[in-house]
Amino acid sequence: MKAAEVILEALKREGVDTIFGFPGGSVIPLYDALYNSDINHILVRHEQGAGHMADGYARASGKVGVCFATSGPGATNLVTAIANAYMDSVPMVAITGQVSRHLIGLDSFQEADVTGITLPIVKHSYLVKDPTTLTRIIREAFHIASTGRPGPVVVDIPVDVTKEDVEFDSAVLPAMRLPGYKPNLKGHPKQIRAAAQVIAAAQRPVIYAGGGVISANASDELRELAVYSQIPVTATLTGKGCFPEDHDLSMGMLGMHGTPYANYAISRSDLVIAVGVRFDDRVTGKLEAFAPEAGFVHIDIDPAEISKNVVVDIPIVGDAKTVLPALLAELKKLDLSFDRRREWTEQVETWKREHPLAVKEAENGDIMPQSAVKKIWEITDGEAVVCTEVGQNQMWAAQHYLCRHPRTFISSGGLGTMGFGFPAAIGAQVARPDALVVDIAGDGSFQMTSQELATAVQYGLPVKVCILNNQYLGMVRQWQELFWDKHYSQTCMECQPDFVKLAEAYGAEGYRVEASTDLEGVLRTAFASDRPAVIDIRVKREANVFPMIPAGGTIHDMMEREL
Amino acid sequence: MKHTLSVLVENKPGVLTRVAGLFARRGFNIDSLVVAETESAAVSRMTITVEEQDQPVEQVTKQLHKLINVLKITDLDPSGSVERELLLIKVKADAESRSAIMQIVEIFRAKIVDVSAEVLIVEMTGTREKVSAFMELLTPFGVVELMRTGRIAMSRGKRAT
């Protein structure tokens, strides 16, 4: 069998049914094998789109996302998407073509050292020089990408390798050779017991949960623990949906643009139970002032995250799916009444009442971007799969679109990649064909990957792009307003396409809304359609994201609302 | 404080780049690095000395553990391990100075490995401190060039490093 066909067979064995990609010289044999294959291929318009689609697909489904690109520029176009997946720990396998083995290192046409370029942004990578190792390498790639702390794996394959004949027996699973890779899943029982003790003793505990809970599929386990021990929960941006945000114990997101009550609770807490998080600077602000009264329990599968930014008291290295139930079982043995925490949960309730996420409606009928997000939430009953771009749109979406389920809020958290949301939404739609998938976008971000409209139309993927259009690069403009003497340097997008015509040019539906009274009707029409749609929502241009704790600040620096 | 990390890795192309790149990325400067095969051809040992800077060395060893090709890392305790460096030094030696140099060589149990009319090449092994002391003593004679291998180290007692 040709090695190219063997690659596809090996992918199928890993459960791959869809590949996002773009052909080119070095992957022609691979695409030739695809010609007769039953694997579904989504032809993108730029390789970055393929990477983000694989990413969105992976986050929405929990499966490994797969993308193909050719050597040289094809592969380098994937770099942003790979970095994005790395920062947010998304399982992804990127298969890139490479020039023939005898041309490597000679500055050949469309040659780039892809394993070298991607070295700092992959969980692992391979350059396949021997076709007989292909099946083993692909098996290892999927194993590495999807286990432990998930992440992207690059498999770079010279074109002549894919043309060779190799033996393939679908019944024989090649043995993996990964002597240095043994993720610790279980969590140390002594540590778990110690954590149960401090949780039982805590007066003002808070659960700080992140993307790790979602990648571990441990949302149910987290909820059981939180509800049983009556501990309020705050989630990070990538953790949104790991705990139902309409639950009494939910405090929404914390950090720079988090809710006042989540940030108050963290700063007054005596015990932070951190699960699947990495104490990012957007969450902690000034490290010394983060949860100053608290002790820390940190559950994470990656030992390198333990005490990286915040020194923790009780680290538990393990899979949240295993550790959380074990922790709950220990707590139940202690058989304490958690009623005495009522004072604390009531305090949190008071903060919620007194410091809600405020939206001041515009007096002249302008659409407030926050209200637009709330309207989208209302119309979709909080059940849509929401992707976001990066910037103000992302923070408004995080604040005002309350999620009930894991894998329904997909956003570029770590890398903050503008242009991520739309292709990610296409990937999510492939994973969840029956779901309503909405990309909450900004006009700046959307223009970075809007060419994927062609992809959405070609494959009939009815993604809805809701542009909160303020004709600004709004988040940078906001910083310039607040911290840079209103020097609006290069943040005003004076020339923009007509987004309605742009959508129509690609064969999608285009809508424009300028008055708040029209918003609901247009959204309902667009969401009811079975075609992709772009809704250009003209929002109040100078609206800012509040609350805000400036970078490196503390709770005392919080600006709660628009002045 | 200096740390000596003994790192067992799979003997595969690109592994050195992964390890070295990780040190640079996490802000650690490698003082010396020795890489060679071990008793098993499939496994190499890297002996890396680093100076602890703003962050504890533990940060980088944890990250190293995450590299798929890294098998084992030992942060060697100086008192619990034997460490050696190899030095080759080419020193000016005329008829007058030759015997003085040979005396120093003998005291340090070093070895003259090449003799020519004007220079000697001396080989010596020892701890970093001993090597430095030896170099210092030879410096007044005029050093043409010198090469140090960097530190290798092995833990004392029955247990493997």
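Residues numbered from 1 in each chain as written. Chains lettered and ligands numbered in written order. Predicted model: local features only at pLDDT ≥ 70, side-chain atom pairs only at ≥ 80, totals over all residues. Heavy atoms only, no water.

Considering the sheet that holds strand β16 (residues 464-469) of chain A
Residues and elements named next belong to chain A.
Logical step 1: Spatially, 6 strands are ordered β14-β13-β15-β16-β18-β17 in an open sheet, and the strand pairing comes out parallel. With one partner strand each, in any of the chains shown, β14 (409-410) and β17 (509-513) form the two edges of the open sheet.
Logical step 2: In the sheet, β16 pairs with strand β18 (residues 533-538) via 6 bridges, with the strands oriented parallel. Counterpart to N469 in the pairing with β18 is R538. (Pairing = 2+ DSSP bridges. Helix = DSSP H or I, 4+ residues; strand = E, 2+ residues; numbered from the N terminus.)

Here we look at the sheet that holds strand β2 (residues 30-37) of chain B
Residues and elements named next belong to chain B.
Logical step 1: Pairing in this open sheet of 4 strands is antiparallel, and the strands run β2-β3-β1-β4 from one edge to the other. Each of the sheet's edge strands pairs with one partner strand only, and the pair in question is β2 and β4 (70-76). Each neighbouring strand pair of the sheet contributes to a mean axis angle of 15°, computed without reference to strand direction.
Logical step 2: Where β2 meets strand β3 (residues 43-51), 7 bridges bridge the pair, whose relative direction is antiparallel. Looking at the pairing, L33 lines up with I48 of β3.
Logical step 3: Packed onto the sheet, helix α1 (residues 15-25) meets β1 (2-10), β2, β3 and β4 and runs at close to 15° relative to β3.
Logical step 4: Seen against the sheet, helix α2 (residues 57-66) touches β1, β3 and β4 and runs at an angle of roughly 160° to β4. (Axes fitted to C-alpha atoms, helices over the stretch in contact; angles between N-to-C directions. Contact = heavy atoms within 4.5 Å.)

As for the side chain of A:R136
All names here are of chain A.
Logical step 1: As for its position among the elements, R136 is in helix α7 (residues 134-146).
Logical step 2: Residue R136 is classed as buried on the basis of its relative accessible area of 13%.
Logical step 3: Residue contacts for R136: discarding those within four places in its chain leaves P174, A175, M176 and R177. (Buried < 20%, exposed > 50% of the residue type's maximum accessible area, 1.4 Å probe, protein only.)

Description of the pattern of salt bridges
Logical step 1: In this structure the tally under the stated criterion is 41 salt bridges over all chains.
Logical step 2: Put simply, A:D38 and A:K12 hold a salt bridge, and the shortest N to O gap is 3.1 Å. Residue A:D38 is located in the loop between α2 (28-35) and β2 (40-43), and its partner A:K12 is located in helix α1 (residues 3-13); the two are separated by 26 residues in the primary sequence.
Logical step 3: Where A:D302 meets A:R149, a salt bridge forms, and the shortest distance between an N and an O atom there is 2.8 Å. Residue A:D302 is found in the loop between β11 (295-300) and β12 (314-317), and its partner A:R149 is found in the loop between α7 and β6 (152-158); the two are separated by 153 residues along the sequence.
Logical step 4: Looking at A:D302, the relative accessible area reads 2%, which means it is buried.
Logical step 5: Linked through salt bridges whose partners overlap, the residues forming this network are A:R149, A:D302, A:E305, A:K308 and B:K66. (Salt bridge = Lys/Arg side-chain N within 4 Å of Asp/Glu carboxyl O.)

A closer look at the environment of A:S215
Residue and element names in this part refer to chain A.
Logical step 1: Here S215 lies in helix α10 (residues 211-215).
Logical step 2: Sequence spacing of S215 and R177 is 38 residues, and the spatial spacing of their C-alpha atoms is 25 Å.
Logical step 3: Beyond its immediate chain neighbours, meaning those up to four positions away, S215 contacts P150 and R407.

Concerning the domain arrangement of chain A
Residues and elements named next belong to chain A.
Logical step 1: Assigned domains of chain A: these are domain 1 (3-163), domain 2 (189-354) and domain 3 (369-545).
Logical step 2: For domain 1 and domain 2, the distance between their C-alpha centres works out to 36 Å.
Logical step 3: Listed by partner, the interface residues are 6 residues for domain 1 and 6 residues for domain 2.
Logical step 4: Both faces combined, the contact of domain 1 with domain 2 buries some 500 Å², and carbon together with sulfur accounts for 53% of it.
Logical step 5: When the area that domain 1 buries against domain 2 is broken down by residue, the three leading residues are M87, G148 and R149, summing to 66%.
Logical step 6: Between the two partners, domain 1 and domain 2, sit 2 residue pairs in polar contact (both at pLDDT 80 or more).
Logical step 7: Class assignment for the residues of the side of domain 1 that touches domain 2 results in 2 nonpolar, 1 polar and 3 charged. (Domains from an automatic or database assignment. Buried area = accessible area lost by both parts, 1.4 Å probe. Polar contact = N/O pair within 3.5 Å; in protein donor to acceptor, adjacent residues only side chain to side chain. Nonpolar A, V, L, I, M, F, W, Y, C, P; charged D, E, K, R; others polar.)

Focus: α2(B)
Along an α-helix, a turn takes 3.6 residues, which lines up residues three or four apart on a common side.
Logical step 1: Within α2(B), 7 of the 10 residues are buried, which leaves it mostly tucked inside the rest of the structure.
Logical step 2: All buried positions along α2(B) are accounted for by B:V57, B:Q59, B:V60, B:T61, B:K62, B:Q63 and B:L64.

Overview of the pairing of strand β7 (residues 205-209) of chain A
All names here are of chain A.
Logical step 1: Among the 5 residues of β7, 5 are classified as buried, and the element is accordingly described as predominantly covered.
Logical step 2: Residues of β7 alternate between two faces, with P205, I207 and A209 on one and V206 and Y208 on the opposite face, all of them buried.
Logical step 3: The sheet contact formed by β7 and strand β10 (residues 271-275) spans 5 bridges and is parallel. Bridging from a neighbouring strand, V206 pairs with V272 of β10.
Logical step 4: Across 3 bridges, the pairing between β7 and strand β8 (residues 233-235) is parallel. Bridge pairing links A209 to A235 in β8.

Regarding empty space enclosed by the protein
All names here are of chain A.
Logical step 1: Here the structure, examined in full by the defined rule, presents 2 cavities of 30 Å³ or more.
Logical step 2: Of the voids in this model, the largest cavity is the one considered here, and its volume is about 180 Å³.
Logical step 3: Lining the largest cavity we find 22 residues, and of these V283, T284, F290, I549 and I555 sit closest to its centre.
Logical step 4: Put simply, the parts of the chain that give the lining of the largest cavity at least two residues each are α12 (260-268) and α13 (281-284).
Logical step 5: In the lining of the largest cavity, the residues fall into 11 nonpolar, 8 polar and 3 charged. (1 Å grid on protein atoms, 1.4 Å probe; cavity = no way out; pocket = protein on both sides within 12 Å on 5 of 7 lines; lining within 4 Å. Points joined across faces, edges and corners; volume = space filled by probe spheres on them.)

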